[in-house]
Amino acid sequence: MLRAPLPFISALLAAGVLAGCSTTTEDKTANWSPNRIYSEAKDEMNSGGYDKAVPLFEKLEGRAAGTPLAQQAQLDKAYAHYKAGEKAQAVATLDRFMKLHPASPALDYALYLKGLVNFNDNLGLFSWLSRQDLSERDQKAAKDSFESFSELATRFPDSRYAQDARQRMTYIVNSLAQYEVHVARYYYQRGAYVAAISRAQVAVADYQGVPAVEEALYILMQSYDALGMTQLRDDTRRVMDASYPQSEYVRAGLKGKSDPWWKFW
């Protein structure tokens, strides 16, 4: 077997070492104070550079470990993830913060931010606008958002974020009820009356007092009629007449898709 000359092998090894040294990334923050790292991270975030802000906040967590500044870095990192559309990372960061700092004075903000992360999930509240099969949609994000806002409003009723959280909770409840009605309508219009009844009953039972209940009752009434269940149809009609004596559904039928009920936040 041929062997390479020793001087040649030595030269190759030396070249490899030099190449490795040349690709080593220099940490520009090595001599920075924690305050400077925080300032730079905030500047990046304020200018929309969320992807650059996150690693700076991570460095700050390590450099200032055990201090209020490290806690602030965690919260700001979660916000940067949120603004960058990185929902999973934002939620994970907030969950870690709440686990490590259960007595933090910023716990109300952490709950509020977690609620916002899920509230703005595009696959949540208004995913049905894409006209896809409504029965396949998952409302977990909206429900998670409601839970965070509810915990905030219950544990910190005087928090500066509590009033907005309560308003968003009302909005979420209306949205979840409307979602159930949309699924019920989807089934009703395809002749799946038993499935339509099941989903309309969820809206009536779980979301009392919200606008969507009127349409849910109408779908129930029509579905019972289609199945020949006249007693239940008549019972539902009496409830509807008592609750919505001027109902447009009774007069004109189901709303078309061009009749939006919502307003964007």
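Residues numbered from 1 in each chain as written. Predicted model: local features only at pLDDT ≥ 70, side-chain atom pairs only at ≥ 80, totals over all residues. Heavy atoms only, no water.

K.L.:
Could you clarify how one ought to interpret the overall build of the chain in this entry?
P.N.:
Across its full length, the chain holds twelve helices and zero strands. Taken across its 265 residues, the chain has 40% of its residues classed as buried. Taking as baseline every contact in the chain between residues at least 6 positions apart, the subset at least 24 positions apart corresponds to 57%. (Helix = DSSP H or I, 4+ residues; strand = E, 2+ residues; numbered from the N terminus. Buried < 20%, exposed > 50% of the residue type's maximum accessible area, 1.4 Å probe, protein only. Contact = heavy atoms within 4.5 Å.)

K.L.:
How should I be thinking about a nonpolar patch on the surface in this particular structure?
P.N.:
Residues Val 194, Leu 227, Met 229 and Leu 232 make up a contiguous nonpolar surface patch of about 320 Å² in total accessible area. Its place among the elements puts Met 229 in the loop between helix H10 (212-226) and helix H11 (230-243). (Patch = residues over 30% accessible without salt bridge, like charges linked within 9 Å, V, L, I, M, F, W, Y side chains within 5 Å. Areas by Shrake-Rupley, 256 points an atom, 1.4 Å probe, with all protein chains shown as cover. Salt bridge = Lys/Arg side-chain N within 4 Å of Asp/Glu carboxyl O.)

K.L.:
In this structure, what is going on with the pattern of salt bridges? I would like to understand it.
P.N.:
A pair can form between side chains of opposite charge whenever their charged atoms are brought close. Within the structure shown, the criterion is met by 15 salt bridges. A salt bridge links Lys 114 to Asp 95, with the shortest nitrogen-to-oxygen separation between them at 2.8 Å. Of this pair, Lys 114 sits in helix H6 (residues 107-119) while Asp 95 sits in helix H5 (residues 87-100), and the two are 19 residues apart along the sequence. In this structure, Glu 248 and Arg 251 form a salt bridge, with 2.3 Å as the shortest nitrogen-oxygen distance.

K.L.:
Any chance you could explain the environment of Ala 203 here in plain terms?
P.N.:
You can see Ala 203 is positioned in helix H9 (residues 193-206). Judged by relative accessible area, Ala 203 falls into the buried class, the value being 0%. Separated by 24 residues in sequence, Ala 203 and Tyr 179 place their C-alpha atoms 8.7 Å apart. In contact with Ala 203, not counting residues within four places along its chain, are Ala 177, Glu 180, Val 181, Gln 208, Val 213 and Ala 216.

K.L.:
What's the story with the side chain of Thr 236 in this structure? I'm lost.
P.N.:
Along the chain, Thr 236 falls in helix H11. Not counting the four nearest positions on each side in its chain, Thr 236 is found in contact with Leu 217, Leu 220, Met 221 and Tyr 224.

K.L.:
I'm lost on the packing of aromatic side chains in this one. Help?
P.N.:
Each aromatic ring pair is described using two quantities: the centre-to-centre distance and the angle formed by the ring planes. Summed over all chains, the structure comprises ten aromatic pairs. Consider the rings of Tyr 109 and Tyr 161, whose centres lie 5.6 Å apart with planes at 50°: the pair is tilted. With Tyr 109 in helix H6 and Tyr 161 in the loop between helix H7 (140-155) and helix H8 (162-189), this residue pair connects regions lying 52 residues apart in the sequence. A cation sits over an aromatic face here: Arg 168 above Phe 119, 4.8 Å from the ring centre. (Phe/Tyr/Trp six-rings, centres within 6.5 Å; stacked < 30°, edge-to-face > 60°. Lys NZ or Arg CZ within 6 Å of the ring centre and 35° of its normal.)

K.L.:
So what exactly am I meant to see when it comes to the environment of Ala 53 here?
P.N.:
Mapped onto the elements of the fold, Ala 53 is located in helix H3 (residues 50-63). What makes Ala 53 buried here is its relative accessible area of 0%. Spatially, the C-alpha atoms of Ala 53 and Lys 77 are 7.4 Å apart, while their sequence positions differ by 24 residues. When residues no more than four places from it in sequence are discounted, the contact partners of Ala 53 are Ala 41, Glu 44 and Met 45.

K.L.:
Teacher, can you tell me more about the side chain of Glu 214 here?
P.N.:
By the secondary structure assignment, Glu 214 is in helix H10. Setting aside chain neighbours within four positions, we find Glu 214 in contact with Met 240, Tyr 244, Ser 247, Glu 248 and Tyr 249.

K.L.:
How do you make sense of the nonpolar core when you look at a structure like this?
P.N.:
Most often, soluble globular proteins have nonpolar side chains that are buried together. Judged by nonpolar contacts, the single largest core of 48 residues is most densely connected at Leu 94, Met 98, Phe 149 and Ile 219. Contributing elements (two or more residues each) for this core: helix H4 (68-83), H5, H6, H7, H8, H9 and H10. Those residues in contact with Ile 219 that sit more than four places away from it in its chain are Val 181, Ala 184, Arg 185, Tyr 188, Ala 196, Ala 200 and Leu 254. Core analysis: the second largest hydrophobic core is formed by 15 residues, Ile 37, Tyr 38, Ala 70 and Ala 80 among them. (Core = buried A, V, L, I, M, F, W, Y, C linked by side-chain atoms within 4.5 Å.)

K.L.:
Explanation requested: the packing of H8 against H10 in the structure shown.
P.N.:
The axes of two packed helices give the description: the angle between them and the distance between them. Contact geometry for H8 and H10: axes closest at 9 Å, N-to-C directions at 25°. The angle between the axes of H8 and H10 places the two elements in the roughly parallel class. Regarding H8 and H10, the two cross each other, and that crossing is left-handed. Packed against H8, whose contacting residues are Ala 177, Gln 178, Val 181, Ala 184, Arg 185 and Tyr 188, the element H10 presents Ala 212, Glu 215, Ala 216, Ile 219, Gln 222 and Ser 223 at the interface. (Axes fitted to C-alpha atoms, helices over the stretch in contact; angles between N-to-C directions. Parallel < 35°, antiparallel > 145°, perpendicular 65-115°, else oblique. Left-handed = near helix turned anticlockwise from the far one by under 90°.)

K.L.:
For this particular structure, what's the right way to read the packing of H9 against H10?
P.N.:
The contact between H9 and H10 brings their axes to 9 Å, and the two run at 150°. Relative to H10, the element H9 is oriented roughly antiparallel. Considering how the two elements wind past one another, H9 and H10 form a crossing that is left-handed. Each of Tyr 193, Ala 196, Ile 197, Ala 200, Gln 201, Ala 203 and Val 204 in H9 lies in contact with H10, whose residues at this interface are Val 213, Ala 216, Leu 217, Ile 219, Leu 220, Ser 223, Tyr 224 and Ala 226. Across the contact of H9 with H10, the residue classes tally to 13 nonpolar, two polar and no charged. (Nonpolar A, V, L, I, M, F, W, Y, C, P; charged D, E, K, R; others polar.)

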